[in-house]
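If you want the building blocks of each chain, they are given just below.
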Amino acid sequence: MGKTYEKLDDKLVNFIKAQKMFFVATAPMLEDGHVNLSPKGYDSFKVLDEHTVAYLDMGGSGIETLAHVKENGRITIMFCAFEGKANILRLYGKATAINFDEAGFADMLALFPHYDHARTIFKINITRIQDACGWGVPFYEFKEERDQLKRYIDNYDKDEWIAHRRATNAKSIDGLEGLSRPKS
């Protein structure tokens, strides 16, 4: 049986920091909309305080997480222990998104010093913290991070990268608004 927690204590924060991968889940309000589940790696997750976390989204082929967060804010982050003691930790919450062209983005990007380009940083107010046994999660040995995504992003100059993001991330697969031009 899982246990719920009032806040992220040192034990939970240390568990989060030890994980090399986490998963992000969101869903639209549409009855027939697509639930999105995305794996994330790199050093892209930060605990800001006992009820707030953030993660850096470098971008990819879809814009589902941003579209869902803009629509309803609901988000779940899941960490699984692939090494050591079996455990799963879920952080449920409400997210806000700060895109690369919005006020406050540079300040948030400073939390992630190894990145020059990022599409969005999600800041999450945690509303529920729950663990589970994780007995069904297999052992995996971490070899190394893949560098393709970072190399791909770093290969663009800033203007090309922005144009590419706007061209490919305007709408979700359900037609929800993704990246939009800032309102002036």
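Scroll up a little and you will see the structure.
Let me begin by describing the structure that accompanies this report. (Residues numbered from 1 in each chain as written. Predicted model: local features only at pLDDT ≥ 70, side-chain atom pairs only at ≥ 80, totals over all residues. Heavy atoms only, no water.)

Quick look at the overall build of the protein now. The helix and strand inventory of the protein stands at five helices and eight strands. Its helices and strands in sequence order give the protein the pattern β-α-β-β-β-β-α-β-β-α-β-α-α, from N to C terminus. Over its C-alpha trace the protein gives a radius of gyration of 17 Å, about what one expects of a compact globule, namely 16 Å for 184 residues. Structurally, the protein occupies a C-alpha span of about 50 × 40 × 30 Å along its principal axes. Classification of the 184 residues of the protein by burial places 42% in the buried group. Summing over all exposed atoms, the protein offers an accessible surface of approximately 10800 Å²; the carbon and sulfur share of this is 52%. When the 25 positive and 27 negative side-chain charges of the protein are each reduced to one mean point, those points stand 2 Å apart. (Helix = DSSP H or I, 4+ residues; strand = E, 2+ residues; numbered from the N terminus. Rg over C-alpha atoms; globule rule 2.2 N^0.38 Å. Buried < 20%, exposed > 50% of the residue type's maximum accessible area, 1.4 Å probe, protein only. Areas by Shrake-Rupley, 256 points an atom, 1.4 Å probe, with all protein chains shown as cover. Lys, Arg positive; Asp, Glu negative; His and termini not counted. Charge placed at Lys NZ, Arg CZ, Asp CG, Glu CD.)

A separate point is the packing of aromatic side chains. According to the stated counting rule, one finds nine aromatic pairs in the structure shown. Taking the centre distance of 5.1 Å and the plane angle of 65° together, the rings of Phe22 and Phe45 count as edge-to-face. Pair noted here: Phe22 is in strand 2 (residues 22-26) and Phe45 is in strand 4 (residues 45-49), with a separation of 23 residues, a long-range link. Measuring from centroid to centroid gives 5.6 Å for Phe22 and Phe79, while their planes differ by 40°, and the two rings are tilted. With Phe22 in strand 2 and Phe79 in strand 6 (residues 74-80), the pair connects residues that are 57 residues apart, well separated along the chain. For the cation-ring pair, Lys20 lies above Phe142, with the distance from its terminal atom to the ring centre recorded as 5.3 Å. (Phe/Tyr/Trp six-rings, centres within 6.5 Å; stacked < 30°, edge-to-face > 60°. Lys NZ or Arg CZ within 6 Å of the ring centre and 35° of its normal.)

Another point: helix 1 (residues 10-18). Every buried residue of helix 1 is listed here: Leu12, Val13, Phe15 and Ile16. Mapping the buried residues of helix 1 onto a view down its axis gives an arc of 160°, with all of them on the same face. Within helix 1, the exposed residues directed more than 90 degrees away from the buried face are Asp10, Lys11, Asn14 and Lys17. Considering only its buried residues, helix 1 is in contact with strand 1 (4-5), strand 4, strand 6, strand 7 (88-99) and strand 8 (120-132). Near the N-terminus of helix 1, the side chain that reaches the backbone nitrogen of Lys11, with its oxygen 3.2 Å away, is that of Asp9. (Arc of directions from axis to C-beta. Contact = heavy atoms within 4.5 Å. Polar contact = N/O pair within 3.5 Å; in protein donor to acceptor, adjacent residues only side chain to side chain.)

A separate point is helix 2 (residues 64-72). Counting buried residues along helix 2, seven of its nine residues qualify, which places the element largely inside the surrounding structure. Considered for burial, the residues of helix 2 that qualify are Glu64, Thr65, Leu66, Ala67, His68, Val69 and Asn72. Count one or two residues on from helix 2 and you reach Gly73, which has phi positive near 80°.

Using the criterion set out here, one finds eight salt bridges in the structure. Its salt-bridge partner being Lys40, residue Asp57 comes within 3.1 Å of it at the nearest N-O pair. Pair noted here: Asp57 is in strand 5 (residues 52-57) and Lys40 is in strand 3 (residues 36-40), with a separation of 17 residues, a long-range link. Classification of Asp57 by relative accessible area gives buried; the value is 6%. The salt bridge partner of Asp154 is Lys150, with a shortest N-O separation of 3.2 Å. Separated by four residues within a single helix, Asp154 and Lys150 lie in helix 4 (residues 148-154), roughly one turn from each other. One continuous salt-bridge network, built from bridges that share partners, spans Lys40, Asp57 and Arg119. (Salt bridge = Lys/Arg side-chain N within 4 Å of Asp/Glu carboxyl O.)

This next bit is on the layout of surface pockets. Which parts of space are left empty comes out when a probe the size of a water molecule is rolled across the atoms. A volume near 950 Å³ is recorded for the largest pocket. If you go around the largest pocket, you meet 37 residues; those closest to its centre are Met21, Pro39, Lys40, Gly41 and Glu145. Of all the secondary-structure elements, those providing two or more residues to the lining of the largest pocket are strand 3, strand 5, helix 2 and helix 4. Among the elements that take part in the lining of the largest pocket, strand 3 stands out by supplying four residues, more than any other. (1 Å grid on protein atoms, 1.4 Å probe; cavity = no way out; pocket = protein on both sides within 12 Å on 5 of 7 lines; lining within 4 Å. Points joined across faces, edges and corners; volume = space filled by probe spheres on them.)

Attention now moves to the pairing of strand 8. Note that strand 1 and strand 8 share two bridges and pair antiparallel. Bridge assignment links Tyr5 to a residue of strand 8, and that residue is Ile129. Relative to strand 8, strand 5 runs antiparallel, the two being bridged by six bridges. Counterpart to Val53 in the pairing with strand 8 is Ile124. As judged from the 12 bridges shared by strand 7 and strand 8, these two strands associate in the antiparallel manner. Bridging from a neighbouring strand, Thr96 pairs with Lys123 of strand 8. (Pairing = 2+ DSSP bridges.)

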